[in-house]
Amino acid sequence: MLKVRFDVNDEALRDTFLRASFKGALDTLRPEDPARWGRMTAQEMVEHLVWAFECSTGEIEVPCLVPAAKREVLRPFLHNNRPTPHEFMNPVLRDGLPALRFRSLDESRAALVSAVDRFFHHVRTRPDAVHTHPIFGPIGLAEWSRTHFKHCAHHLLQFGLLEVEPPQEGK
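Residue positions are given per chain, counting from 1 as you read along its sequence in written order. Selection of residues for local features in this predicted model requires a pLDDT of at least 70, selection of side-chain atom pairs for listing and counting requires 80 or more, and totals for whole chains, interfaces and linings are taken over all residues. Values reported for side chains reflect all heavy atoms of the structure, with hydrogen atoms and water molecules removed beforehand.

## Some thoughts on the layout of surface pockets
No. 1: In this analysis a 1.4 Å probe is tested at points of a 1 Å grid over the protein atoms alone, and where it fits but cannot get out there is a cavity; an open set with protein on both sides within 12 Å along at least five of seven lines is a pocket; lining residues have an atom within 4 Å of a point. Grid points are joined across faces, edges and corners, and a volume is the space filled by probe spheres set on the points. Here the largest pocket is characterised by a volume of approximately 880 Å³.
No. 2: In terms of lining, the largest pocket is formed by 40 residues, of which the most central are His 48, Thr 84, Phe 88, Met 89 and Asn 90.
No. 3: Elements represented by at least two residues in the lining of the largest pocket include exactly helix H2 (42–56), helix H3 (68–74) and helix H5 (141–158).
No. 4: A run of H or I in DSSP becomes a helix once it reaches four residues, and a run of E becomes a strand once it reaches two; helices and strands are each numbered from the N terminus. Of all the elements, H5 adds the most residues to the lining of the largest pocket, at 8 residues.

So this is what it looks like as structure tokens:
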């Protein structure tokens with residue numbers, strides 16, 4: 001099981017987690033692995049993460065259904081080390097997850113690795129890009145990185161692939 005210090009404010013930690021640790025943890029995921037909470041299957045979870053990375057690069061455009069005033073109240077969540085609540089429901093996915101796009105968990109995992117790589121390419125080539133997050137509205141890539149760290153950690157925890165340590169004192 002992957003053990004990670006949970007510190008959304010540590011950029012180097014976020015990058016290492018998303019570029020390497022996260023992918024390694026996903027390699028141990030099997031199609032039959034049950035979620036500790038929620039209704040997603042392993043493949044649905046991986047494809048859900050593909051979707052999130054595609055939103056962050058503008059490959060997929062989603063509406064933000066959260067009023068602007070409420071977004072400002074929610075946005076500090078991106079900077080605190082409070083994990084995403086277990087049963088959190090993305091308002092864009094309220095009616096359920098989309099149909100699976102890939103034939104297997106392995107294909108989904110490969111698509112996710114590709115989507116993560118495209119995100120980091122996007123960060124390098126379009127550092128000022130802003131794309132709409134379904135909850136936080138238009139955000140830049142640094143905020144997307146925070147979102148991905150929290151979101152990916154949430155789903156690795158969901159499938160028992162991650163153990164988190166609290167951030168170091170003073171961080």
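## Brief notes about the environment of Gly 137
No. 1: In this fold, Gly 137 is placed in strand S3 (residues 137–140).
No. 2: Note on Gly 137: relative accessible area 0%, which makes it buried.
No. 3: Once the C-alpha coordinates of Gly 137 and Asp 33 are considered, the two residues, 104 residues apart in sequence, prove to be 33 Å apart.
No. 4: Apart from residues no more than four positions distant in its own chain, Gly 137 is found in contact with Cys 64, Arg 71, Arg 75, His 131 and Thr 132. Here the term buried applies to any residue with accessible area under 20% of the maximum for its type, exposed to any over 50%, and partly exposed to those in between, with areas from a 1.4 Å probe on protein chains only. Here, two residues are considered to be in contact whenever any of their heavy atoms come within 4.5 Å of each other.

## Re the state of the cysteines
No. 1: Any two cysteine sulfur atoms within 2.5 Å of one another count as a disulfide. Scanning all chains against the criterion turns up 0 disulfides.
No. 2: Of the cysteine sulfurs around Cys 55, a residue in no disulfide, the closest is that of Cys 64, at 11 Å.
No. 3: On the basis of relative accessible area, Cys 55 is assigned to the buried category, the value being 1%.
No. 4: The buried category is assigned to Cys 64, whose relative accessible area is 19%.

## Topic: the nonpolar core
No. 1: Phe 17, Phe 22, Leu 26, Leu 29, Leu 112 and Leu 156 are the most contacted members of the largest nonpolar core, which has 49 residues in total.
No. 2: Listed by contribution, the elements that provide at least two residues to this core are strand S1 (2–5), helix H1 (11–26), H2, helix H4 (105–125) and H5.
No. 3: Sorting elements by how many residues they give to this core places H2 first, with 9 residues.
No. 4: Sequence-distant contacts of Leu 112, that is, excluding residues within four places in its chain, are made with Phe 22, Leu 26, Val 46, Leu 49, Val 50 and Phe 53. Joining through side-chain atoms within 4.5 Å is the link that ties buried Ala, Val, Leu, Ile, Met, Phe, Trp, Tyr and Cys residues into a set, and such a set is a nonpolar core.

## As for the pairing of strand S2 (residues 130–133)
No. 1: A pair of strands is considered paired only if DSSP assigns at least 2 bridges between the two. Looking at chain direction, S2 and S3 are connected through 4 bridges and run antiparallel. The partner of His 133 across the bridge, within S3, is Gly 137.
No. 2: Counting the residues that bridge the hairpin from S2 to S3 gives 3 residues.

## Observations regarding H4
No. 1: What a helix should span is 1.5 Å times the count of its residues minus one. The terminal C-alpha atoms of H4, which comprises 21 residues, lie 30 Å apart, in line with the 30 Å expected from a rise of 1.5 Å per residue.
No. 2: Among the residues of H4, those classed as buried are Leu 105, Ser 108, Arg 109, Ala 111, Leu 112, Ala 115, Val 116, Phe 119, Phe 120 and His 122.
No. 3: Buried residues along H4 sit against H1, H2, S2 and H5.

By themselves, these are just geometric observations and shouldn't be taken as functional.
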